[in-house]
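This is what each chain is made of:
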Amino acid sequence: MLGTKVLSQRRHIGLQKLSALAGITHSSLGPNKMYKFIQDDINGESALVCSCFRIFENLELCCAVGQLVYDTIQAHQKVYYTGSGCLLFLAGAWSRAALECLQRGISISQIITAMSEGMDICLNVCRKCSMSIEDLGVAQSEGCTALPGLGIQVSSQASSHQKGTKETGQRTVPTIGHRRIKLSRHFCEGKSENVSTVSQPAQPKRPDIAHIAEGLSHGSVSAMNLVVKASYVQSKCNQQDNICSTFDISKVVTCLLPGLPEECACVLPGCIVLLSDEQASVAHSLKEQHLKVALITGELSYSYRHLGFSRPAGIQYVSYQSALINSSKEEEWVVRLVAILLNLEVNLILVGGIASEKVIQHCCRHHILVVEKVKSSVFKTFATVTGAVPVAYATQLSKQCVGTGLKVVIWRDLSSRETKPSTAVNILTSGNSGLVTVILTSSVHGKLQALEDQFWACAYRLHHALQDRALLPGAGVTEILCIEHLQKQAKHYAKHCTQMNGDAVQHSRAGAAADHCKGVVLELLADGLIDYISTVMVNTGKFSKVKARTVVNQHLHDYNGHVGIAAKFSQLFLEGEEEDRNRDATAVKIYDNLGVKQEAWRKSLDVVFLVLQTDAEVITGIDQNTGPQDDLMLL
Amino acid sequence: MSRVVKKSPSLCTDLPLDNTGICTKLQLLKQLLGSCFGPTGRLKQVHNNIGGHVVTTSTSSVLLPAISSSQPFVNMIKTSILNHVSRFSDCGLFAAILCLTLIEQSKLSALTANVAIKVNKHLLGVCTTYLQREDCDCKVKLDFCSSQNLITLARSVVSSKPGCVLTEAETLQISKLVVQAFLLAIPCDEPGVVSLGKTVTVTVEGYSVVHSAVFPGLLIHITDALSLNKVQNQPLTPLRMVVFSASLAGDLSELEEGTIELHPDADIDSQILDQLLELGKQMVKEEVKLFLCQKVIHPVLQHFLRSHGIIVIERLGIALMEPLIQLTGAQPVATLHTTIPKKAYGKVGDVSIQQFGSKTLLYLHPLKESAICTMLLCHRNETMLSELKVVCQKTEHVLRLTLKEPSALLGGGCTETHLAAYVRQKSMNEVTDAASVFGCSQTEYLLGVEAFCCSLECVAAALDHSGANSLIDLTHAHHCTVPPDAINENMEDSFSFCGCGLVESSPSKKWTYLNTKYKEFSPTPLSRDTTLQPCVLDSFTAKLNALQVAVETANLALDVRYVIQDVN
C-alpha cells in the first residue's frame, strides 16, 4: 500500500535549497558564459551545457524546490528564451535575503509585504528608465555622435534635475530629435505624462535593428550577427526598405549542420531541408520550375489516423482468400494517392509528420518531392503565400487545396560526407515570403545545441525589444538605479521609524517597528541586486568578488543625486567587459529587454514567496515498508 | 507452477487511541493541517516520490486527497472532511482541526469514551441551537440590497489562502469579481422554479492578476487559431448553432465491447466519413453557423464545414457542455445516424475573438440575458493560478450557500471564542441536571465541557502562526492576537480591533489569554453600531456543517474499540 510522508521544513530548508540551486548557475550569468559537462554516472552519457535552462534540463532534480524552480524556468524559457539565469540567480539571492529577515525576527507576512513593495519600486524604475527603440535608431541614423551615452546619458542628465525634469526634457528635444521624454519620467514621480506627449513623433519611426541588436548581443556576437542578417534578409523582402527594420521571428527556422567549422554559419532566404540522395534527384529534376504544392498536416501513410481516432478493437475480416490483405490494401491506397496527386499536378508535398517509405518511393517515381517534418510556422507561411490549404489526409486534397508558386533550389551537395540526409535543398517562394533559414554549423557536435540556444536567445531578445518598443539601459545600469531607489526608500523608512520613536506616543509602536522591518527588507532586496551585478562583473574575469562589490558600493556611495552615476558606472562595467574595443564615449550601448527583465524579476520573487511560505513537503506514493528516514514522518 | 504463500493473520489493535503510534500520526495530521489554517497559514508542497509535478497549496480540498495512510483512523478523518468539503467547499481545515483537537482533548480529560461522547454530542446540540437562534450574537444577517457583506464574505475566503500570493488590492478585486459572477448566475425574470446558472472558469498563465474579469456568456479556448479567419464577418445575428456530444472522429466509438465481422473489401472508415459529410451538408443546408463538438471532429468534416463558412470547434470537454446548453438552448446531439430535429439547434447572440496573453478565446455572447458567465482568472505563474482557481470556485460556492441561509458568522476566530464562552456559561447553569442525565458526576461533566470549549478555542488560536498570543475579551468574548513581545501593560496598544473587526480595544475592556482559566460569563451582545462593519465573515452554512462533521467524526473515533487490519 502506498502512503504519504511529510517532510517538515524546520530552519527553512526550502530557502536554503533554493539558494544552493541558484549557486549551480552562477558561472553561466552574464556575457562570458562557461560551458559545463553534466555526466551521468550510470550510463556514462554526458551533456555539454551552457545556459541555466539546459543545466536544469539535464539535472534530474527530485526535491520539491528543485521541481518548482525547474517548472518556473521552463515556463519562462518557453516564452522568452533568455533571462533564466537572471531569474534563478535572483531567486537565490532573494531567498538568502528572506532567510536573513527571518533570522532578524521579521515575520513572513511582513517580508512579503515589504518585498512586494520593493518589487514595485524596481518595476517602476524599469518603466521610467526605459527608452523607446525608435529614438535609439533615429539618434544613430541622424549621426548624433555628440551624444555619447545616448539614452543613458539623457536619463542621467535628468537625474541631476530631479524636480525640474520638465525643462530638461524640453531642452533635450532639439538636440536629439524626436527622443521621447519618457526616459526622463523616471525621476519626476509620474507627473510628466503631459510632457511625454510633447515630442511624440508624428509617425512611428522605424527602429535601427543593427544598432539595437548590437546592444542586445550580451557577448554572443556571432549569434547576434546571424539574427541581424536574418532581419536584413527579411527586410529586403519588403521592397521599399533600405535599412533593415523588420524582424519576424515566426518565419525564422534553424538548420543544424555538424562537421563544418563555425564560420560556415550563414543565413539564407527560404526553407532549407536536408534530403536523401533519392529525394535529391527528384529535386534536381524539379529545379527552375514553378511547383504546385500540397500541405499535409498529419502523416503521409496508409495507417495514419488523426488524433482522437480510436481504432476499433472488435473488427474481424472474414475472407476466402488468405493472401496479404493488408499490404494489397496499402498498395491500392498508394496508387490512389498518386493518382490524386498526378491529377492535381502536385510536384511538392510538405508533410508535418513523417511519410511512409512506400509513399516516398511511389512519389519519387512520378517526380513528386516529399518533404517530411515541416515545422508548423513554415506551414503557415507557405499556406498564406501559395494559397494552399493544409489538410490532414492526402486523399482529402482538391483543387482548392493546392497552392502554387514554390521553387526548389539545390543549395549544397553534402553527399561526400557520410551522414544520411545528404543534400541541402532550399524551398523558396517566387515572391518574398520573409521565410529565413539560419544554418548553424560546428565541428563539435555537442556544441550545436548551445549554439542554437544562443541564436534563439539573441533572436528573441531582438524580437521582444521590437515587441516592447522599449529597451532598458544594460550593463547593470538598470540594476544600479533600482538599488539606489530601494536604498533611498529603506533609509526613508529607517528615518521615519526613528523619528516616530522620538516623537513618541501618537503612533503605535507596532507601526514604527513595521517601518523598521520594511527598511531592513528593502535593504536586503537591494543587496541581492548588488550581488547580481558583482557576480556578472566577476564572470567577466576582470574583477575579484571583493573588488566588484567595492566598486559597486563605491559608485552607489558617490551617487549624491547630482552625478551621472548610471552612465559612469556602465562605462566602468564595459572596461571590464569589452576591453578590446575602443573605449570612446560611444561605447555605452548595451541594452536589456524591458519585458524579459521585469518578468524574470517578478517570477524569481514569486518562487521565493512560495518557498518562504512553505513549511512542509507532502510526498505521496511512498512504499510504507521502507524504513524510517530522517526528517520524514510517515502518515 | 503455483506456490502457496502462507497468509499472515490479521492485525488487531486494542484501544487504538491509547496506541502511541496512532496518536503520533494524528498529532502529525493535526500539525500538517493546522499549519495551513488562515490567512497567514503555511503552504505545503505536494509531490510524489519520483519528482513529479509540485503542487503548492494550503487548501484542504487539494491537500487531503494527496494524503493516504496505512492507518484507517487517518483515512476515516480525511474522508469525512473531504465529504464535507465536496458539499460545502469551505471550512474543511476548521473541521479537521476541531475534530483532531477534540479527540486529543477528550483523551486528555481522561473521561471514559462513553461520557465524552455523550457530552460532546450534547454540547454540539447546544451550539447548533444557539447558532440557529435569531438573537445569536456571532451571526450577521446578510443584506442582499448591498454587496458590502457579500464582498466581505468573499474576501475572507480569498484572503484565507496565502498560496494565491495576492496583494490587498488584488484580493479585493478578485473578491468583487467572484461576487459579480455569483450575481450574474442568478437568473432575473424567470417565473416558477429558478435554477442557478453556471460560472465557467478560464485561466491564463503569465498575465497579471489585474487582467482577471467576468464575462456574461462563454469563453472557449481555441488551440487552432488558423480556423478562425471567418469569425469576424458574421453578418447574421443571432447565429444558429449545433452541439454534438457524440464523437465525430469517424471511428466506431459506439462499438464498445462487441465484435463485427467484415468482408475485407468493406471500407468502414470511408463509409463513416461519407456519413459525416452527409451530416455536414445538412448543416450547411440548415444554415448552421457554429458547429461544436464535445469530442473529436474528423478533419475532413472540419475542412468541409469551414470551407462553407461555419465556425468549427472540437474537443469542448464535458465540463463545458452543460453551460453551453444552458446558454444556447441547444440540445446535444448524441448520434449521427438520425436527422437532427429542429429543436436541437441553439442560438447565440454573437461571436467574437478575445486575446489574453498567449490564449485565444472564442467569446459566445448570450442571445438574451443569461445566467451563464465566464470568469477569466490570470496570474503570473501556474502554481499561484491553480490555487487561485480553486479558491475562486470555492468562494462562489460559499456565496451560493447564502441563498439558502442568508447569514454569515463572524470570522477571525471570534465565533469560536464566543461559542466557547456561551457553552461554558450555559453548561454551568445546567450542570446538576446534565450530570444526572448523562449518568456521570458533575466534575466529569465539567471536564467534558472544558475539553469541548478548549477545542473550540484552540481552533481560534490556530489562526496564528507567528507565536503570537491569543486573547479573549471578557465582555463580548471576541478573539484577538498580540505579538509575542507585547508587554502586559500596553497589551491594548499592540492591537486595535478583534479578529472580526467589531470589537475595538479600549481601556475599559478586559482581556485575558485564551489558554488561561477565566470565570465563565455571559457574553454581552454587541451594540449594533452601524459604523462598525465586520471585516472578516465566514460562511454560516459551511461552518455549521463543519462543526457537526468535526464533532461526529471525533465521537466516532473516540468510540472505536478495535482496529482490525488485514495485512496480506
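An unreviewed UniProt entry lists chain A under the name Bardet-Biedl syndrome 12 protein, from Channa argus.

A.B. asks: How would you sum up the environment of Ser250(A)? Please name residues and give values.
C.D. replies: Here Ser250(A) is to be found in the loop between α11 (221–237) and β5 (252–258). The spatial distance from the C-alpha of Ser250(A) to the C-alpha of Ser376(A) is 9.7 Å, given a sequence separation of 126 residues.

A.B. asks: I'd like to hear about the packing of helix α1 (residues 13–24) of chain A against helix α3 (residues 64–80) of chain A, residue by residue, with values.
C.D. replies: Residues and elements named next belong to chain A. Put simply, α1 and α3 touch, their axes get as near as 9 Å, and they point 55 degrees apart. Judged by the angle between their axes, α1 and α3 are oblique. Note that α1 runs across α3; the crossing there is right-handed. For the pair α1 and α3, contact is made by Gly14, Lys17, Leu18 and Leu21 and by Val65, Gly66 and Val69, respectively. Per-class residue counts for the contact of α1 with α3 are four nonpolar, two polar and one charged.

A.B. asks: Give me the lowdown on the sheet that holds strand β18 (residues 479–482) of chain B, citing residues and values where you can.
C.D. replies: Residues and elements named next belong to chain B. The strand order across the open sheet formed by three strands is β18-β17-β19, and the pairing between neighbours is antiparallel. Each of the sheet's edge strands pairs with one partner strand only, and the pair in question is β18 and β19 (511–513). On average, each strand axis in the sheet is tilted by 40 degrees relative to the strand beside it, whichever way the strands run. Here strand β17 (residues 469–473) runs beside β18; their pairing, made up of four bridges, is antiparallel. The residue of β18 that forms the bridge with Asn469 is Val482.

A.B. asks: Just give me the short version of the packing of helix α1 (residues 20–34) of chain B against helix α4 (residues 92–108) of chain B, but keep the residues and values in it.
C.D. replies: Residues and elements named next belong to chain B. The N-to-C vectors of α1 and α4 enclose an angle of 150 degrees; their axes lie 10 Å apart at closest approach. Considering their axes alone, α1 and α4 lie roughly antiparallel with respect to each other. Considering only the axes of α1 and α4, their crossing is left-handed. Contact residues: α1 offers Leu26, Leu29, Lys30, Leu33 and Gly34, while α4 offers Leu93, Ala96, Ile97, Leu100, Thr101 and Ile103. Here the contact of α1 with α4 is composed, by residue class, of eight nonpolar, two polar and one charged.

A.B. asks: I'd like a rundown of the nonpolar core, residues and numbers included.
C.D. replies: Residues and elements named next belong to chain A. Val370, Leu462 and Val521 are the most contacted members of the largest nonpolar core, which has 332 residues in total. Ranked by the residues each element gives to this core, the list is headed by helix α18 (residues 509–539), at 14 residues. Residues contacting Val370, with those up to four places away along its chain left out, are Leu300, Ile349, Val351, Ala355, Val359, Ile360 and Cys363.

Definitions and limits used
Residues numbered from 1 in each chain as written. Chains lettered and ligands numbered in written order. Predicted model: local features only at pLDDT ≥ 70, side-chain atom pairs only at ≥ 80, totals over all residues. Helix = DSSP H or I, 4+ residues; strand = E, 2+ residues; numbered from the N terminus. Axes fitted to C-alpha atoms, helices over the stretch in contact; angles between N-to-C directions. Parallel < 35°, antiparallel > 145°, perpendicular 65-115°, else oblique. Left-handed = near helix turned anticlockwise from the far one by under 90°. Contact = placed C-beta atoms within 7 Å. Nonpolar A, V, L, I, M, F, W, Y, C, P; charged D, E, K, R; others polar. Pairing = 2+ DSSP bridges. Core = buried A, V, L, I, M, F, W, Y, C linked by C-beta atoms within 7 Å. Buried ≥ 20, exposed ≤ 12 C-beta atoms within 10 Å, placed from the backbone.

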